[in-house]
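Next come the chains, spelled out residue by residue.
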Amino acid sequence: MRINKYLSGCGIDSRRKCEKLITDGRVRVNGKTITVLATDIKDGDTVEVDGKYVGQSSRKVYIMLNKPKGCVCTASDDKGRKTVLDMVKVKERIFPVGRLDYDTEGLILLTNDGDTANIITHPRNMVKKVYSVRVEGEPTDAEIKRLRNGVEYCGVKYAPAQVKVLGSQDGETKLEITITEGKNHEIKNMIESLGRRVLFLKRTEIAGLRLGGLSRGEWRYLNPREIERLKTLS
Ligand code: URA
(Lines give C-alpha, C1' and ligand atoms only; values in the text may rest on other atoms or scores of the structure.)
Protein backbone atom coordinates (compact mmCIF):
# COMPACT_ATOMS: atom_id res chain seq x y z
CA MET A 1 0.00 0.00 0.00
CA ARG A 2 1.24 3.51 -0.85
CA ILE A 3 2.74 5.29 2.15
CA ASN A 4 0.32 8.27 2.08
CA LYS A 5 -2.68 5.92 1.96
CA TYR A 6 -1.20 3.83 4.78
CA LEU A 7 -0.61 6.88 7.01
CA SER A 8 -4.10 8.23 6.35
CA GLY A 9 -5.52 4.84 7.31
CA CYS A 10 -3.61 5.15 10.60
CA GLY A 11 -5.64 8.32 11.28
CA ILE A 12 -2.63 10.62 10.89
CA ASP A 13 -4.26 13.03 8.45
CA SER A 14 -5.77 13.25 4.95
CA ARG A 15 -3.70 11.65 2.18
CA ARG A 16 -2.65 15.04 0.84
CA LYS A 17 -1.45 16.28 4.24
CA CYS A 18 0.37 12.97 4.78
CA GLU A 19 2.27 13.59 1.54
CA LYS A 20 3.57 16.81 3.07
CA LEU A 21 4.73 14.95 6.21
CA ILE A 22 6.67 12.61 3.92
CA THR A 23 8.31 15.31 1.80
CA ASP A 24 9.12 17.23 5.02
CA GLY A 25 11.17 14.20 6.14
CA ARG A 26 9.02 13.42 9.18
CA VAL A 27 8.31 9.79 8.26
CA ARG A 28 10.59 6.77 8.80
CA VAL A 29 10.07 3.27 7.41
CA ASN A 30 12.04 0.48 9.06
CA GLY A 31 14.16 3.11 10.78
CA LYS A 32 15.05 5.08 7.61
CA THR A 33 13.67 8.52 6.72
CA ILE A 34 11.81 8.37 3.43
CA THR A 35 10.83 11.35 1.31
CA VAL A 36 9.71 9.50 -1.82
CA LEU A 37 5.93 9.55 -2.21
CA ALA A 38 5.98 6.36 -4.29
CA THR A 39 7.16 4.29 -1.28
CA ASP A 40 5.03 1.19 -0.62
CA ILE A 41 4.41 -0.31 2.82
CA LYS A 42 4.42 -4.09 3.15
CA ASP A 43 3.26 -6.36 5.97
CA GLY A 44 5.83 -6.29 8.75
CA ASP A 45 7.27 -2.83 7.91
CA THR A 46 7.58 -0.45 10.86
CA VAL A 47 6.44 3.13 10.29
CA GLU A 48 7.17 6.17 12.46
CA VAL A 49 5.90 9.74 12.27
CA ASP A 50 7.95 12.30 14.23
CA GLY A 51 9.66 9.40 16.00
CA LYS A 52 6.41 7.70 17.13
CA TYR A 53 5.39 4.30 15.82
CA VAL A 54 2.03 4.28 14.04
CA GLY A 55 -0.24 1.45 12.94
CA GLN A 56 -3.61 0.92 11.35
CA SER A 57 -6.55 0.41 13.64
CA SER A 58 -8.93 -2.29 12.42
CA ARG A 59 -11.90 -0.34 13.81
CA LYS A 60 -12.84 2.54 11.53
CA VAL A 61 -14.65 5.38 13.25
CA TYR A 62 -16.81 8.14 11.75
CA ILE A 63 -17.74 11.13 13.87
CA MET A 64 -19.71 14.33 13.42
CA LEU A 65 -18.75 17.34 15.56
CA ASN A 66 -20.49 20.68 15.90
CA LYS A 67 -17.32 22.77 15.85
CA PRO A 68 -17.58 25.98 17.85
CA LYS A 69 -15.78 29.15 16.82
CA GLY A 70 -12.34 29.57 18.31
CA CYS A 71 -10.71 26.28 17.40
CA VAL A 72 -8.68 25.03 14.45
CA CYS A 73 -9.14 21.95 12.26
CA THR A 74 -5.52 20.78 12.30
CA ALA A 75 -4.01 17.99 14.39
CA SER A 76 -1.83 20.48 16.27
CA ASP A 77 -1.54 24.25 16.15
CA ASP A 78 1.78 26.10 16.23
CA LYS A 79 0.04 29.02 18.01
CA GLY A 80 -1.20 26.66 20.75
CA ARG A 81 -4.87 27.21 19.90
CA LYS A 82 -7.53 24.66 20.73
CA THR A 83 -8.07 22.05 17.99
CA VAL A 84 -11.11 19.97 17.04
CA LEU A 85 -9.20 16.92 18.30
CA ASP A 86 -9.18 18.42 21.82
CA MET A 87 -12.97 18.13 21.68
CA VAL A 88 -13.34 14.53 20.55
CA LYS A 89 -11.67 12.05 22.88
CA VAL A 90 -11.66 8.56 21.37
CA LYS A 91 -8.96 5.93 21.56
CA GLU A 92 -8.50 5.72 17.79
CA ARG A 93 -6.29 8.30 16.14
CA ILE A 94 -8.57 10.42 13.93
CA PHE A 95 -8.27 13.49 11.71
CA PRO A 96 -10.74 16.12 10.46
CA VAL A 97 -12.12 15.68 6.93
CA GLY A 98 -11.48 19.00 5.22
CA ARG A 99 -11.59 22.12 7.33
CA LEU A 100 -13.57 25.01 8.72
CA ASP A 101 -11.93 28.34 9.53
CA TYR A 102 -11.07 29.29 13.13
CA ASP A 103 -14.07 31.63 13.29
CA THR A 104 -16.50 29.32 11.42
CA GLU A 105 -18.73 26.91 13.30
CA GLY A 106 -20.74 23.84 12.43
CA LEU A 107 -20.49 20.39 10.96
CA ILE A 108 -17.08 18.78 10.62
CA LEU A 109 -16.50 15.07 10.12
CA LEU A 110 -13.61 13.20 11.73
CA THR A 111 -12.41 9.71 10.89
CA ASN A 112 -9.47 7.33 10.64
CA ASP A 113 -10.72 6.06 7.26
CA GLY A 114 -8.50 7.72 4.66
CA ASP A 115 -10.42 6.24 1.71
CA THR A 116 -13.76 7.66 2.81
CA ALA A 117 -12.17 11.03 3.70
CA ASN A 118 -10.73 11.09 0.21
CA ILE A 119 -14.14 10.42 -1.34
CA ILE A 120 -15.70 13.30 0.60
CA THR A 121 -12.99 15.86 -0.19
CA HIS A 122 -12.16 14.91 -3.78
CA PRO A 123 -13.38 17.73 -6.10
CA ARG A 124 -14.45 15.13 -8.69
CA ASN A 125 -17.25 13.95 -6.37
CA MET A 126 -18.77 17.45 -5.99
CA VAL A 127 -20.09 16.68 -2.52
CA LYS A 128 -22.73 19.22 -1.41
CA LYS A 129 -21.95 21.38 1.62
CA VAL A 130 -24.63 23.70 2.99
CA TYR A 131 -23.82 26.88 4.94
CA SER A 132 -25.92 29.27 6.94
CA VAL A 133 -24.45 32.72 6.27
CA ARG A 134 -25.14 36.21 7.59
CA VAL A 135 -23.77 39.01 5.43
CA GLU A 136 -23.43 42.71 5.85
CA GLY A 137 -26.21 44.79 4.26
CA GLU A 138 -28.73 43.61 1.70
CA PRO A 139 -27.21 41.97 -1.39
CA THR A 140 -29.03 43.06 -4.56
CA ASP A 141 -30.70 40.62 -6.96
CA ALA A 142 -27.78 41.20 -9.34
CA GLU A 143 -25.29 40.23 -6.61
CA ILE A 144 -27.20 37.04 -5.78
CA LYS A 145 -27.25 36.22 -9.49
CA ARG A 146 -23.47 36.61 -9.62
CA LEU A 147 -23.08 34.04 -6.83
CA ARG A 148 -25.41 31.71 -8.74
CA ASN A 149 -23.36 32.11 -11.93
CA GLY A 150 -19.97 31.73 -10.24
CA VAL A 151 -17.60 34.50 -9.16
CA GLU A 152 -13.89 35.23 -9.22
CA TYR A 153 -11.95 36.69 -6.30
CA CYS A 154 -8.20 37.42 -6.18
CA GLY A 155 -7.63 35.34 -9.30
CA VAL A 156 -9.51 32.28 -7.99
CA LYS A 157 -12.71 31.13 -9.71
CA TYR A 158 -15.59 29.83 -7.61
CA ALA A 159 -18.18 27.54 -9.21
CA PRO A 160 -21.87 28.48 -9.33
CA ALA A 161 -23.55 28.14 -5.93
CA GLN A 162 -27.15 27.52 -4.93
CA VAL A 163 -28.26 30.55 -2.95
CA LYS A 164 -31.46 31.05 -0.96
CA VAL A 165 -32.18 34.48 0.48
CA LEU A 166 -33.85 33.88 3.85
CA GLY A 167 -34.44 37.50 4.86
CA SER A 168 -32.90 40.81 5.96
CA GLN A 169 -33.04 42.47 9.35
CA ASP A 170 -31.07 45.19 11.16
CA GLY A 171 -28.67 45.81 8.27
CA GLU A 172 -27.78 42.18 7.64
CA THR A 173 -29.08 39.39 5.42
CA LYS A 174 -29.37 35.68 6.08
CA LEU A 175 -28.48 33.37 3.18
CA GLU A 176 -28.30 29.62 2.74
CA ILE A 177 -25.49 28.76 0.33
CA THR A 178 -24.76 25.31 -1.08
CA ILE A 179 -21.39 24.66 -2.70
CA THR A 180 -19.71 21.60 -4.15
CA GLU A 181 -16.09 22.75 -4.07
CA GLY A 182 -13.94 22.92 -0.96
CA LYS A 183 -11.62 25.84 -1.65
CA ASN A 184 -9.99 27.79 1.17
CA HIS A 185 -12.26 30.47 2.64
CA GLU A 186 -14.67 29.76 -0.20
CA ILE A 187 -17.83 31.36 1.19
CA LYS A 188 -16.01 34.38 2.63
CA ASN A 189 -14.21 34.98 -0.67
CA MET A 190 -17.42 34.62 -2.69
CA ILE A 191 -19.09 37.25 -0.49
CA GLU A 192 -15.97 39.47 -0.56
CA SER A 193 -16.16 39.37 -4.37
CA LEU A 194 -19.43 41.32 -3.99
CA GLY A 195 -17.66 43.88 -1.80
CA ARG A 196 -19.44 42.56 1.30
CA ARG A 197 -18.38 40.84 4.50
CA VAL A 198 -19.49 37.63 6.18
CA LEU A 199 -20.65 38.31 9.74
CA PHE A 200 -21.48 34.72 10.70
CA LEU A 201 -20.78 31.38 9.05
CA LYS A 202 -21.97 27.92 10.01
CA ARG A 203 -21.88 24.65 8.03
CA THR A 204 -25.12 22.78 8.57
CA GLU A 205 -24.89 19.88 6.15
CA ILE A 206 -22.42 17.67 4.25
CA ALA A 207 -23.70 15.19 1.64
CA GLY A 208 -27.17 15.25 3.19
CA LEU A 209 -25.83 14.58 6.73
CA ARG A 210 -27.22 17.25 9.04
CA LEU A 211 -26.05 18.64 12.36
CA GLY A 212 -29.55 18.22 13.76
CA GLY A 213 -29.75 18.89 17.47
CA LEU A 214 -26.00 18.70 18.25
CA SER A 215 -25.01 21.65 20.43
CA ARG A 216 -21.76 23.55 19.97
CA GLY A 217 -18.83 21.36 20.98
CA GLU A 218 -20.94 18.18 21.01
CA TRP A 219 -20.14 15.16 18.85
CA ARG A 220 -21.62 11.78 17.97
CA TYR A 221 -20.72 8.67 15.98
CA LEU A 222 -22.39 8.39 12.56
CA ASN A 223 -24.90 5.55 12.22
CA PRO A 224 -24.35 2.72 9.69
CA ARG A 225 -26.76 4.28 7.18
CA GLU A 226 -24.86 7.59 7.28
CA ILE A 227 -21.51 5.82 6.88
CA GLU A 228 -22.81 3.88 3.89
CA ARG A 229 -24.04 7.09 2.34
CA LEU A 230 -20.55 8.65 2.54
CA LYS A 231 -18.88 5.56 1.10
CA THR A 232 -21.11 5.55 -1.94
CA LEU A 233 -20.62 9.20 -2.90
CA SER A 234 -17.97 8.48 -5.53
N1 URA B 1 -16.00 28.92 3.56
C2 URA B 1 -15.30 29.80 4.32
O3 URA B 1 -15.06 30.93 3.93
N4 URA B 1 -14.88 29.38 5.52
C5 URA B 1 -15.14 28.14 6.02
O6 URA B 1 -14.73 27.83 7.15
C7 URA B 1 -15.87 27.26 5.21
C8 URA B 1 -16.30 27.67 3.97
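Please read all numbers here as calculations on a predicted model, not as lab measurements.

Draft legend 1. Spatial organisation of the pairing of strand S12 (residues 172–179). The sheet contact formed by strand S8 (residues 129–136) and S12 spans 8 bridges and is antiparallel. Each residue of the ladder has a partner; that of Arg134, found in S12, is Lys174. Summarising the sheet, strand S11 (residues 162–169) and S12 pair through 7 bridges and their orientation is antiparallel. If you follow Val165 over to S12, its bridge partner there is Leu175. Hairpin connection between S11 and S12: a loop of 2 residues separates the two successive antiparallel strands, and Asp170 in this loop has a positive phi of roughly 50 degrees.

Draft legend 2. Representation of unusual backbone geometry within the structure. The phi dihedral of Asn30 falls on the positive side, at around 50 degrees, and the residue is not glycine. As for its position among the elements, Asn30 is in the loop between strand S1 (27–29) and strand S2 (32–33). Judged by its relative accessible area of 44%, Asn30 is partly exposed.

Draft legend 3. Structural context of the sheet that holds S1. What the 4 strands build is an open sheet, ordered S2-S1-S3-S4; its pairing is antiparallel. Each edge of the sheet is formed by a strand with only one pairing partner; in this case those strands are S2 and strand S4 (52–54). The pairing of S1 with S2 spans 2 bridges and is antiparallel. Across the sheet, residue Val29 finds its bridge partner in S2, namely Lys32.

Draft legend 4. Region of interest: the layout of surface pockets. If you add up the space inside the largest pocket, you get close to 940 Å³. Breaking the lining of the largest pocket down by element, the ones donating at least two residues are helix H2 (15–23), strand S6 (95–97), helix H3 (114–121), S8, helix H5 (186–192) and strand S13 (198–206). A per-class count over the lining of the largest pocket returns 13 nonpolar, 12 polar and 13 charged. Residue lining of the second largest pocket: 19 residues in total, with Asp13, Leu21, Arg26, Ala75 and Ser76 positioned closest to the centre. Counting residues per element, the ones that place at least two in the lining of the second largest pocket are H2 and S4. No other element matches the 3 residues that H2 contributes to the lining of the second largest pocket. Among the residues forming the lining of the second largest pocket, the class breakdown is 8 nonpolar, 3 polar and 8 charged.

What counts, and where the lines are drawn
Residues numbered from 1 in each chain as written. Predicted model: local features only at pLDDT ≥ 70, side-chain atom pairs only at ≥ 80, totals over all residues. Heavy atoms only, no water. Pairing = 2+ DSSP bridges. Helix = DSSP H or I, 4+ residues; strand = E, 2+ residues; numbered from the N terminus. Buried < 20%, exposed > 50% of the residue type's maximum accessible area, 1.4 Å probe, protein only. 1 Å grid on protein atoms, 1.4 Å probe; cavity = no way out; pocket = protein on both sides within 12 Å on 5 of 7 lines; lining within 4 Å. Points joined across faces, edges and corners; volume = space filled by probe spheres on them. Nonpolar A, V, L, I, M, F, W, Y, C, P; charged D, E, K, R; others polar.

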